[in-house]
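Topology and contacts: notes
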Amino acid sequence: MAATNEWRAICDKFTNAQNLTEIESRNDPENDPFRSKYKARELLREIYCEEEGAGLRAAKLGAVEYYLGVNHVDTEELPAGQEHLMNCMKLLERCRVSSLNVSLFIHVRNQLGILWAGRDETETAQGFLETAESIYQRYMKEDGSPPTDMTEYFAAEESLLTHQERIKRFELAYTHTMYYLAQVYKNLGQTERAATYCHTTLQRQLQLNQFTPMEWALNAATLSQYYITKGRYMEGRHCLSAATVISDLAGEVPSEAAAQENEAESERREHLRQKRAEIARCWIKYCLNLLQDAKKQLEDNIGELDTDRQEELKRARRREEEEEEKGRKSALLFGSEDTFDSIASIEEKVMCLFPLDFTEARSVFLVGQNHVTQAKDYFQMDGYVTDHIEILQDHSALFRSLAFFEEDLERRCKMHKRRVDMLEPICNDLNAQYYLMIRRQLMFELAETYNEMMDLKLALANRQADTQSLDNHTIKKFNHLCSASAKYFQMFLDSLCSPEGKFPERLEEEVLRPALVARFRVARLHSRFISTSPTVQLDNLNKSLENYKYVVQYCEANPEAGATVETELELSKEMAGLLPLKINRLKARMASNN
Amino acid sequence: MAGASVKVAVRVRPFNSREIGRNAKCVIQMQGNTTCISNPKQPKDGAKNFTFDYSYWSHTTPDDPGFTSQTQVYKDIGEEMLLHAFEGYNVCIFAYGQTGAGKSYTMMGKQEPGQEGIIPQLCEDLFQRTGENTDPDLTYSVEVSYMEIYCERVRDLLNPKSQGTLRVREHPILGPYVEDLSKLAVTGFTDIRDLMDAGNKARTVAATNMNETSSRSHAVFTIVFTQKRRDQMTSLDTEKVSKISLVDLAGSERADSSGAKGMRLKEGANINKSLTTLGKVISALAEMQSSKKRKSDFIPYRDSVLTWLLKENLGGNSRTAMIAALSPADINYEETLSTLRYADRAKQIRCNAVINEDPNAKLIRELKAEVERLRNLLFSQGLQELLDNAVNNNNNINNGPGGVAGASPSPLQLALTSNGITPENGPAPPGAEPVSEGDTPADPDQLIEDGEEREEGESTENISKEEAAERLMETEKIIAELNETWEEKLRKTESIRLERESLLVEMGVSIKEDGGTLGVFSPKGTPHLVNLNEDPLMSECLLYYIKEGVTRVGQQDVDIKLSGQFIKEIHCVFVSETNEQGEAARKSVSGGHSGAVSRSRDLR
């Protein structure tokens with residue numbers, strides 16, 4: 001009887017200590033932040049065990065040391081915390097891993113991992129955590145029965161945990177091991193492994209039903225961004241599909257009327273809409289990168305579709321498809337029984353292999369465009385200027401990549417026209433004081449797009465006309481596109497000027513190459529205007545020469561700049577030498593005509 | 001011209017009395033713009049060097065030739081920023097450093113000659129310069145706002161009516177702004193000083209009530225400076241508006257929990273314990289990957305409000321400076337080192353808006369072909385004369401075979417063949433009016449049609465009536481604000497000031513007779529209470545009189561109203577009686593411990 005009472009008292013002490021640590025401590029005042037934890041520490045110190053078998057006794061004593069260790073770490077007494085945790089390790093050393101103590105084996109190593117990582121001793125942390133990982137795996141292989149939770153060491157018979165609860169707690173501890181290892185690998189620069197462990201963490205959260213839907217979905221979507229920049233589109237697509245499915249578990253977006261009724265609904269509406277729009281933006285990047293990477297595979301040295309390469313890749317496709325299937329089987333897949341199929345059905349809607357022709361490219365483009373619409377619905381211009389424009393820039397880039405696959409030049413030109421239509425008004429309306437950088441990006445892109453359209457118009461005219469002549473209509477159009485392109489390059493250059501309108505003597509590093517390239521391209525554009533009037537021709541050639549000369553002279557004055565524009569500089573030098581000849585001949589001709 | 005990088009300065013202060021008492025040793029050395037910190041535990045190695053735009057030595061006294069005065073700091077940083085503001089740039093000065101490292105001294109200073117910090121000097125300079133203006137067509141106006149960012153929430157410090165948190169938004173013309181943040185008109189430095197003081201009071205009150213500490217919150221004081229020029233010829237006004245933002249960043253010691261983390265400057269191998277931080281870890285991972293390439297991903301990790309504002313400062317036409325305050329003492333070594341590292345990384349903050357150019361391989365190839373063509377033409381026809389001319393211009397061309405300039409082919413042809421086309425020489429066919437690109441008849445192409453329909457669907461935007469109404473209201477608000485006259489602004493400022501004061505009076509905080517609430521005007525002979533705070537900027541900033549007779553302190557129906565977790569309904573009672581000599585004497589204090597909140601003073 002006395003023994004039972006004594007035992008009860010110990011159990012009570014333990015329960016109180018847990019209570020103080022986990023609940024009370026949240027209300028500790030700022031000037032005495034560890035009050036409850038200190039109280040808990042005193043209680044833990046009073047816990048002792050005698051009786052029982054050596055194994056259980058070691059585990060119980062180990063658990064007390066463990067809790068004391070965590071307590072000291074929490075109260076910023078690291079050396080003492082380490083000592084207690086190591087005491088726990090020592091006590092366990094003599095024991096064989098069993099369902100009785102495996103949880104403690106893992107928990108104590110998790111804590112030591114955190115402790116050593118905090119001291120920048122990442123390898124030491126890695127050691128503890130990797131051991132925890134292998135202990136778990138071995139235990140699951142050899143035993144696998146629901147292990148005793150450490151809190152049960154000091155619990156009365158009637159408050160022992162159910163098997164289900166035991167499993168839940170044990171698996172959660174291991175999920176933490178995975179998560180800590182992810183961070184350790186990240187800190188060691190092993191990003192690949194880190195990503196795998198993040199992936200595993202997410203997978204376990206889902207499997208064990210320990211997650212908040214929207215948070216989980218957003219994390220999965222973010223992970224997809226890691227995969228797509230690595231070119232691993234199958235994994236990227238899987239993460240995004242899972243994100244879409246799981247985000248739906250967060251429930252319906254409250255209607256606008258409901259949102260106006262009360263604050264909480266309004267906040268929820270805002271939250272859900274924002275997160276969904278963010279997931280949509282991750283999808284946009286997926287489609288865009290897939291198209292762009294495919295383009296890289298397919299283009300020849302001047303950026304046109306290489307049909308030989310296309311055939312070659314198409315032949316290789318069959319093999320890839322088989323590999324995709326195999327890959328899918330071995331990959332780490334998300335999903336619980338009820339979500340698995342929905343994830344797979346979303347995956348089917350978009351390919352993860354490189355699109356090789358227009359039809360395939362178009363299907364990827366359309367998925368991307370759908371997400372553009374969805375993302376813009378939340379990130380509207382009024383309120384989210386930067387975000388909205390970033391989405392438009394992606395939309396424009398989607399069109400640009402699609403145009404590469406389009407064989408019909410007329411239609412290709414129209415796609416570029418769409419880009420101009422979406423970017424031009426914004427570029428002109430934005431306030432440069434706040435959005436200078438964005439405007440510069442837009443100007444450059446518009447200049448390039450007009451240039452592209454100009455080239456296409458010319459190619460089209462040359463293809464259609466049997467003779468070498470162009471009709472006036474085409475010339476006007478060509479000149480219009482040419483001057484629009486030059487105008488935006490010039491606008492970009494003007495944006496570099498000081499408030500007094502002076503072009504800087506020295507270009508800042510981040511605009512050095514763009515500025516020199518813009519000059520170079522303005523030079524080229526001026527020499528391309530079509531005119532029958534010698535005076536106009538002369539004027540254009542002079543402007544062209546002036547810009548080529550600028551590039552040459554800038555690089556002479558700042559030799560380090562040459563390296564950033566090697567090819568352009570070489571050509572500018574040539575043209576700066578040759579154009580005067582052309583100009584002189586034109587002058588001579590004009591003189592002889594007069 | 002956008003100064004996309006941040007100008008960074010560090011400054012070390014003298015020992016404070018606590019450090020002298022503890023026999024602290026100085027771990028900081030400075031030489032030129034280099035700052036060296038030595039590890040007190042490993043004096044032999046462990047010294048680390050950092051180079052900044054400025055390293056300010058203010059550890060000694062002005063007698064030391066190496067000493068940097070307040071005036072010098074202002075001349076280097078403040079004045080430059082002010083000049084940029086006059087040019088129309090937005091400017092921003094950040095102050096950073098652990099509490100007690102001298103942040104407030106550098107930014108605010110003391111109200112003694114030669115002791116004023118950057119902010120008062122800058123304001124004084126601003127009004128002096130505008131005051132010297134004799135051009136009748138040029139007018140200036142200055143408005144200020146003051147906000148606090150705590151746990152990602154934005155709070156207006158100048159308008160007591162503004163409850164709860166404000167939304168940050170972006171407008172294509174107005175840029176990033178805080179919705180409903182009050183902007184108060186000011187006419188001189190004293191107005192600014194009073195408002196700053198009022199804001200600091202509001203910040204202190206909130207911090208005390210909510211058990212917050214200033215070291216976790218950022219404060220942003222913004223001066224909106226408008227230069228209006230009237231053109232006599234056209235009677236049109238042109239306005240140049242620049243924002244001067246002065247940001248007091250959260251103390252470094254708890255930067256992680258404050259949102260300073262949003263600057264992505266914090267380093268370390270720490271492991272996040274809780275799974276709730278998984279998103280952060282994954283974002284960082286994705287970011288590590290993308291930083292190598294051009295930005296090709298989207299990382300949906302919302303930046304902190306501060307980062308957002310900072311980003312805009314770097315993304316627009318603006319100039320940014322940061323001053324990190326350093327403690328010299330060995331006991332603060334860890335903190336100081338982390339401040340230095342933070343400052344070091346701030347040097348590298350750049351706007352990530354890069355120009356992504358299309359590969360121009362095609363263009364290069366065409367141009368190469370043209371160069372080749374021009375050369376061949378030249379050589380085959382032997383245009384020595386012209387070549388000689390060219391050599392004078394540029395000696396990059398190889399000398400071609402000699403020859404004389406002969407009859408040249410039509411220059412027109414030359415110009416055009418280089419592009420591989422010849423214009424039709426005849427008159428324009430009737431009806432060949434220039435057609436702009438957009439007018440091209442649409443072809444029945446499914447895809448484009450798809451796109452077009454979609455686009456149109458968006459542009460008409462199926463927004464609901466409520467949403468439309470809300471948007472309209474927002475726009476109207478902006479327009480109303482833009483149309484407000486200066487007099488209206490001043491009136492509004494005055495009414496908000498009265499509200500602010502009445503609120504303080506209600507709480508028992510005392511106000512000077514003239515309405516000013518500035519600083520501590522320690523009244524001699526009248527017993528009173530002041531608040532204490534670990535942040536010197538917020539300490540002794542609230543003053544409560546103990547009037548003759550009974551003064552009750554507590555939550556409700558009292559003379560001095562304190563709210564907060566540990567304040568009882570009736571917390572304590574002061575009784576003050578005057579004795580025969582006319583001196584105020586404390587009779588009794590009863591009730592709970594008020595010491596944590598306030599310290600009674602001048603009670604004899």
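Nothing here was measured: the structure is a model prediction, and the numbers come from that model.

We now examine the UniProt feature "coiled-coil region" (unreviewed entry) in chain A. UniProt records the feature "coiled-coil region" (unreviewed entry) at residues 255–315 of chain A, using the numbering of this structure. As annotated, residues 255–315 of chain A comprises 84% helix and 0% strand, and the C-alpha atoms at either end are separated by 50 Å.

On to the packing of helix 8 (residues 191–207) of chain A against helix 9 (residues 213–229) of chain A. Residues and elements named next belong to chain A. Running from N to C, helix 8 and helix 9 point in directions that differ by 155°, and their axes come no closer than 11 Å. Comparing their axes, helix 9 and helix 8 come out roughly antiparallel. The chirality of how helix 8 crosses helix 9 is left-handed. Along its contact with helix 8, which presents Thr-191, Glu-192, Ala-195, Cys-198, His-199, Leu-202, Gln-205 and Leu-206, the element helix 9 presents Trp-216, Asn-219, Ala-220, Leu-223, Tyr-226 and Tyr-227. Grouping the constituent residues of the contact of helix 8 with helix 9 by class yields nine nonpolar, four polar and one charged.

Looking now at the pattern of salt bridges. Pairing is possible between side chains that carry opposite charge, provided their charged atoms lie close to one another. In the structure shown here, the tally under the stated rule is 61 salt bridges over all chains. A salt bridge links A:Glu568 to A:Arg513; the nearest nitrogen and oxygen atoms lie 3.2 Å apart. Here the residue A:Glu568 occupies a position in helix 22 (residues 566–593), and A:Arg513 occupies one in helix 20 (residues 509–526), the gap between them amounting to 55 residues. By relative accessible area, which is 25% here, A:Arg513 ends up partly exposed. A salt bridge links B:Glu366 to A:Arg524; its shortest N-O distance comes to 3.5 Å. Within this pair, whereas B:Glu366 is found in helix 10 (residues 361–381), its partner A:Arg524 is found in helix 20, the two belonging to separate chains. On the accessibility criterion, B:Glu366 (24% relative accessible area) is partly exposed.

Looking now at the packing of aromatic side chains. Residues and elements named next belong to chain A. Scanning the entire structure with this criterion turns up 35 aromatic pairs over all chains. Their ring planes at 75° and their centres at 6.1 Å tell us that Phe-34 and Tyr-38 sit as a pair that is edge-to-face. Here Phe-34 falls in the buried class, since its relative accessible area comes to 18%. Judged by its relative accessible area of 34%, Tyr-38 falls in the partly exposed class. Judged by centre distance (5.5 Å) and plane angle (65°), the rings of Tyr-226 and Tyr-227 are edge-to-face. Residue Tyr-226 is classed as buried on the basis of its relative accessible area, which comes to 0%. Three or more aromatic residues link up through ring pairs in this structure, and these residues are Trp-7, Phe-14, Tyr-66, Tyr-67 and Phe-154. Seen from the ring of Phe-379, Arg-281 lies directly overhead, with NZ or CZ sitting 5.0 Å from the centre. Across from the ring centre of Phe-503, 5.1 Å away, lies the NZ or CZ of Arg-519, which sits over that ring.

A:Tyr66, A:Phe154, A:Leu223, A:Tyr286, A:Leu507 and A:Leu516 are the most contacted members of the largest nonpolar core, which has 206 residues in total. Of all hydrophobic cores here, the second largest spans 39 residues; its members include B:Ala9, B:Met81, B:Ile119 and B:Ile192.

Glancing now at helix 4 (residues 78–93) of chain A. All names here are of chain A. Helix length check: helix 4 (16 residues) gives 22 Å between terminal C-alpha atoms against 22 Å at 1.5 Å per residue, within 8%. Turning to helix 4, its buried residues are Gly-81, His-84, Leu-85, Cys-88, Met-89, Leu-91 and Leu-92. In a view along the axis of helix 4, the buried residues occupy a sector of 165°, so they form one face of it. Pointing more than 90 degrees away from the buried face of helix 4 are the exposed residues Pro-79, Glu-83 and Glu-93. On the buried face of helix 4, the contacting elements are helix 3 (54–74), helix 5 (102–118) and helix 6 (122–142).

Before going further, it helps to spend a moment on helix 2 (residues 70–87) of chain B. Residue and element names in this part refer to chain B. The end-to-end C-alpha distance of helix 2, which contains 18 residues, comes to 24 Å, matching closely the 26 Å that a straight helix rising 1.5 Å per residue would cover. The largest bend along helix 2 measures about 35° and falls at Asp-76. The set of residues buried in helix 2 consists of Gln-70, Val-73, Tyr-74, Asp-76, Ile-77, Gly-78, Glu-79, Met-81, Leu-82, His-84, Ala-85 and Phe-86. Looking one or two residues past helix 2, Gly-88 carries a phi angle of roughly 105°, positive in sign.

Residues and elements named next belong to chain B. Summarising burial for strand 7 (residues 138–150): eleven of the 13 residues are buried, a large majority. As paired elements, strand 7 and strand 12 (residues 218–231) share twelve bridges and run antiparallel to each other. Bridge pairing in strand 12 places Met-147 opposite Val-220. Across three bridges, the pairing between strand 7 and strand 11 (residues 184–186) is antiparallel. Across the sheet, Val-142 pairs through a bridge with Val-186, a residue of strand 11. Sheet topology note: the strand 7/strand 8 (residues 153–156) ladder contains four bridges and is antiparallel. Residue pairing in the sheet places Tyr-150 in a bridge with Arg-153 of strand 8. Linking strand 7 back to strand 8 in an antiparallel pair, the connection comprises two residues, with Cys-151 at a positive phi of about 50°.

With that settled, the discussion passes to the environment of A:Leu100. Residue and element names in this part refer to chain A. Position of Leu-100 among the secondary structure elements: in the loop between helix 4 and helix 5. Classification of Leu-100 by relative accessible area gives partly exposed; the value is 34%. Residues Leu-100 and Ala-59, spaced 41 residues apart in sequence, show a C-alpha to C-alpha distance of 7.8 Å. When sequence neighbours within four positions are dropped, the list of residues in contact with Leu-100 reads Leu-56, Thr-148 and Tyr-153.

All right, on to the UniProt feature "binding site: ATP" (unreviewed entry) in chain B then. Residues and elements named next belong to chain B. Under the UniProt annotation, "binding site: ATP" (unreviewed entry) lies at Gly-97, Gln-98, Thr-99, Gly-100, Ala-101, Gly-102, Lys-103 and Ser-104. Mapped onto the elements, Gln-98 comes out in the loop between strand 6 (90–96) and helix 3 (103–107). Within the fold, Ser-104 resides in helix 3.

This part covers the packing of helix 18 (residues 432–464) of chain A against helix 20 of chain A. All names here are of chain A. Direction vectors running N to C along helix 18 and helix 20 enclose 30°, while the axes themselves pass 12 Å from each other. Accordingly, the angle class assigned to the pair helix 18 and helix 20 is roughly parallel. The element helix 18 and its partner helix 20 pack so that their crossing is left-handed. Between helix 18 and helix 20, the contacting residues are Arg-440, Phe-444, Glu-448, Asn-451 and Met-454 on the first element and Val-511, Pro-514, Val-517, Ala-518, Arg-521 and Leu-525 on the second.

Time to look at the side chain of B:Glu148. All names here are of chain B. Tracing the backbone shows Glu-148 in strand 7. What makes Glu-148 buried here is its relative accessible area of 2%. Within the structure, Glu-148 has its side chain in polar contact with the side chain of Arg-155 (distance 2.3 Å). Polar side-chain contacts of Glu-148 include one of 3.2 Å to the side chain of Arg-203. The residues contacting Glu-148, other than those within four sequence positions of it, are Arg-153, Val-154, Arg-155, Leu-157, Arg-203, Ser-217, His-218 and Ala-219.

With that out of the way, let us pick up the sheet that holds strand 3 (residues 34–37) of chain B. Residue and element names in this part refer to chain B. Across the sheet, which stays open at both edges, the three strands sit in the order 2-3-4 with antiparallel pairing between neighbours. A single partner strand is all that each edge strand has here, and the edge strands are strand 2 (28–31) and strand 4 (48–51). In this sheet, neighbouring strand axes are inclined to one another by 25° on average, regardless of whether the strands run parallel or antiparallel. The sheet contacts of helix 9 (residues 333–346) involve strand 2, strand 3 and strand 4, and relative to strand 4 the element is tilted by about 35°.

Before going further, it helps to spend a moment on the side chain of A:His199. Residue and element names in this part refer to chain A. Along the chain, the position of His-199 falls in helix 8. Accessibility expressed as a relative area gives 3% for His-199, which makes it buried. Residues within four places of His-199 in sequence aside, it is in contact with Leu-223, Tyr-227, Cys-239, Leu-332 and Phe-334.

Residues and elements named next belong to chain B. Across the nine residues of strand 14 (residues 318–326), nine count as buried, placing the element largely inside the fold. Side chains of strand 14 alternate between two faces, with Ser-318, Thr-320, Met-322, Ala-324 and Leu-326 and Arg-319, Ala-321, Ile-323 and Ala-325 buried alike. With seven bridges joining them, strand 6 and strand 14 adopt parallel strand pairing. Residue Cys-92 lies in a different strand from strand 14, and its bridge partner there is Thr-320.

Non-glycine residue A:Asp120 carries a positive phi angle of around 65°. Along the chain, A:Asp120 falls in the loop between helix 5 and helix 6. A relative accessible area of 53% places A:Asp120 in the exposed class. Despite not being glycine, B:Asp180 has its phi angle at roughly 65°, a positive value. Relative to the elements of secondary structure, B:Asp180 occurs in the loop between strand 10 (175–178) and strand 11.

The rules behind these values
Residues numbered from 1 in each chain as written. Chains lettered and ligands numbered in written order. Predicted model: local features only at pLDDT ≥ 70, side-chain atom pairs only at ≥ 80, totals over all residues. Heavy atoms only, no water. UniProt positions renumbered as here; feature names shortened; annotations may be inferred. Helix = DSSP H or I, 4+ residues; strand = E, 2+ residues; numbered from the N terminus. Axes fitted to C-alpha atoms, helices over the stretch in contact; angles between N-to-C directions. Parallel < 35°, antiparallel > 145°, perpendicular 65-115°, else oblique. Left-handed = near helix turned anticlockwise from the far one by under 90°. Contact = heavy atoms within 4.5 Å. Nonpolar A, V, L, I, M, F, W, Y, C, P; charged D, E, K, R; others polar. Salt bridge = Lys/Arg side-chain N within 4 Å of Asp/Glu carboxyl O. Buried < 20%, exposed > 50% of the residue type's maximum accessible area, 1.4 Å probe, protein only. Phe/Tyr/Trp six-rings, centres within 6.5 Å; stacked < 30°, edge-to-face > 60°. Lys NZ or Arg CZ within 6 Å of the ring centre and 35° of its normal. Core = buried A, V, L, I, M, F, W, Y, C linked by side-chain atoms within 4.5 Å. Expected span 1.5 Å × (residues − 1). Arc of directions from axis to C-beta. Bend = angle between axes of the 7 residues up to and from the residue. Pairing = 2+ DSSP bridges. Polar contact = N/O pair within 3.5 Å; in protein donor to acceptor, adjacent residues only side chain to side chain.

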